[in-house]
Amino acid sequence: MTLSGVETKNPWLERSVYGLSLAVLLLAVPFPVEARKLFYVVCGLAGIGWLLDRKRPDNDILFLLAALAAFALYRIAHTVIETKTFSPAGDALQVYLATANRFLVGLLLIGYLSTRRPSFHQRWFRALCATLVLSLVITAGYEFILQQERAERIQRATIFSYEVVAVSFAFLGLQLMRQISERKHWGLLACISLLTLGLVLWSETRTALFGFFIGGALLLILSERVRKWKVLGVASLLMTAVLIGCYPYLIKPRLLEAHADITQYVSGENRATSIGTRFELWRGSAMALEQAPLWGGGYVQRANVLNEAVAQHRLDPAASHYSRVNMHNELLEELSLRGMVGGILLLLMYSAVAVLGWRAAPRNLALLGVTFAYVFSGLMDVLFFSREATVLFITLLAVLVRISPQQSQP
């Protein structure tokens, strides 16, 4: 039975799709390759279920699906058109098509779970919360114990940290959407927040650290159900204590590096630092956009523009190294490759998710939190260049798109 009291046609299929979606979330951060394989199986089942049920999503979901499809299809069309210009086609062609393909396949999962929810009693809501918690716990054990050195990790430390923040914001949003009165819930929330902070500090990623504090504060401000300020105050004190303890060893060195990078860049002493290279890539993105402002010149033309600017001493040689990778900014990546159309479609996709979360009654803080995590991280990196980060984003949307406090109650 569903909440509306109407019997579903295939309840076993709904529950299978939802349960396997939770399994994808469980594996996504610590074991991305396994999660990627399972993702396709789940989306295939969702497609079968949607075909059998043939239920039309609500208009707000249709708008979201249309925005996701437009972003993916334009990326595919643009990449296929310029395929003959790739020399060689190499990883870029594979990455751009693979991430777009994940968006298209993920539409089946989002659409199906938005229309046919598996008997959303409290146990399903708890299963989602437990999955998010376990994902962070398993990730912590895997990173802290098995892969202690940053260079040993399968995923880049930056992408890993952004994914951790997104999962933690999904959990934080879910908890803030509920009327929490029991201390154990607040205690768990404090523990998960501290665990996330530890993972972000361990990754040594500055953007993720700032995003964690800014996004967490915004979710608390947006929450209309926060009542236990004492518990939150204790959690804040604990985080402050952790920051103070880690500051000399993990935070201060990275902040000093950032200050040194900016100083060297402004003075012209060294433009090839971590931050300096990003500044150069962003300048190169603007140059590429000027060459083809509407539709974009594509992968090879962008590389040629950057290499020419390097040869003319308008950009640092470090830009040549990244000219065939990405621009370390999600929006500039789209603009420099696929022009204003690509940039608008990216913003439209994010806006569709944010509007859906904002217009929910009450607001879907979990959905807003995940969106913020990806948008903020995209200021300094390109998450949709990562096939694993794309799988996590789509799966989180699918399981969160219809969550509400009313559904979590028995």
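Each chain carries its own residue numbering, running from 1 in the direction its sequence is written. The predicted nature of this model means local features are confined to residues of pLDDT at least 70 and side-chain atom pairs, given and counted, to a pLDDT of 80 or more, with totals for whole chains, interfaces and linings taken over all residues. As a rule here, side-chain values come from all non-hydrogen atoms in the structure, and water together with hydrogens is ignored.

1. Comments concerning helix α6 (residues 157-176)
Right, on to step 1. For α6, spanning 20 residues, the distance from its first C-alpha to its last is 28 Å, which sits close to the expected 28 Å at 1.5 Å a residue.
Right, on to step 2. Buried, partly exposed and exposed residues are distinguished by accessible area as a fraction of the type maximum, computed with a 1.4 Å probe on protein chains only: under 20%, between the cut-offs, and over 50%, respectively. For helices the rule is a DSSP run of H or I covering at least 4 residues; for strands it is a run of E covering at least 2, with both sets numbered from the N terminus onward. Judged by how many residues are buried, α6 sits mostly within the fold: 20 of 20 residues are covered. Here the expected span of a helix is defined as 1.5 Å times the quantity of residues minus one.

2. Quick word on helix α2 (residues 32-53)
Right, on to step 1. Between its first and last C-alpha, α2 extends 31 Å over 22 residues, near the 32 Å set by a 1.5 Å rise per residue.
Right, on to step 2. Listed as buried for α2 are P32, A35, L38, F39, V42, C43, A46, G47, G49, W50 and D53.
Right, on to step 3. Once α2 finishes, R54 follows within two positions and takes phi at roughly 50°, a positive value.

3. Brief notes about the packing of helix α3 (residues 59-81) against helix α13 (residues 330-359)
Right, on to step 1. In contact at an axis separation of 9 Å, α3 and α13 are set at 165° when each is read in the N-to-C sense. In this view, α3 runs roughly antiparallel relative to α13, as classed from their interaxial angle. α3 and α13 meet at a crossing whose hand is left-handed. Contacts between α3 and α13 involve D60, I61, F63, L64, A67, L68, A70, F71, Y74, R75, H78 and T79 from the first element and E334, L337, R338, V341, G342, L345, L346, L348, M349, A352, V353 and L356 from the second.
Right, on to step 2. Among the residues making up the contact of α3 with α13, the classes are represented as 17 nonpolar, three polar and four charged. Note on geometry: axes are lines fitted to C-alpha atoms, helical ones only across the stretch in contact, with angles between N-to-C directions running from 0 to 180 degrees. Our angle categories are set so that under 35 degrees counts as roughly parallel, over 145 as roughly antiparallel, 65 to 115 as roughly perpendicular, and the remainder as oblique. Helix crossings are classified by the rotation of the near helix relative to the far one: an anticlockwise turn of less than a right angle makes the crossing left-handed, while a clockwise turn makes it right-handed. For this analysis, residues touch if any pair of their heavy atoms sits within 4.5 Å. Each residue receives one of three labels: charged for Asp, Glu, Lys and Arg, nonpolar for Ala, Val, Leu, Ile, Met, Phe, Trp, Tyr, Cys and Pro, and polar for the others, Gly being one of them.

4. Points about the side chain of N364
Right, on to step 1. As for its position among the elements, N364 is in the loop between α13 and α14 (365-377).
Right, on to step 2. Judged by relative accessible area, which is 2%, N364 ranks as buried.
Right, on to step 3. Pairs of N or O atoms are called polar contacts if they sit within 3.5 Å, as long as, within protein, a hydrogen donor faces a hydrogen acceptor (for residues adjacent in sequence, only side-chain-to-side-chain pairs). Separated by 3.0 Å, the side chain of N364 and the backbone nitrogen of L367 make a polar contact.
Right, on to step 4. Apart from the residues within four sequence positions on either side, N364 is in contact with M177, G357, L400, V401 and I403.

5. Focus on the packing of α6 against helix α8 (residues 206-222)
Right, on to step 1. Closest axis-to-axis distance for the α6/α8 pair is 10 Å, and the angle between their directions is 10°. Taken together, the axes of α6 and α8 are roughly parallel relative to one another. Here α6 contributes S161, Y162, V165, S168, F169, L172, G173 and L176 to the contact with α8, which in turn contributes T207, A208, G211, F212, G215, G216, L219 and L220.
Right, on to step 2. Residue classes in the contact of α6 with α8 are distributed as nine nonpolar, seven polar and no charged.

6. Quick word on the pattern of salt bridges
Right, on to step 1. By convention in these notes, a salt bridge is any Lys or Arg side-chain nitrogen within 4 Å of a carboxyl oxygen on Asp or Glu. Applying the stated criterion across every chain yields a total of eight salt bridges.
Right, on to step 2. In this structure, the salt-bridge partner of E388 is R36, at a minimum N-O distance of 2.3 Å. Here E388 is found in helix α15 (residues 387-400), whereas its partner R36 is found in helix α2, with 352 residues between them in sequence.
Right, on to step 3. The class for R36 is partly exposed, based on a relative accessible area of 22%.
Right, on to step 4. With its nearest N and O atoms 2.9 Å apart, the salt bridge here joins R338 to E334. Pair noted here: R338 and E334 are both in helix α13, with a separation of four residues, about one helical turn. With respect to class, R338 is no different from E334; both count as buried.
Right, on to step 5. Salt bridges here are not isolated pairs; linked through shared partners, they connect D58, D60 and R402.

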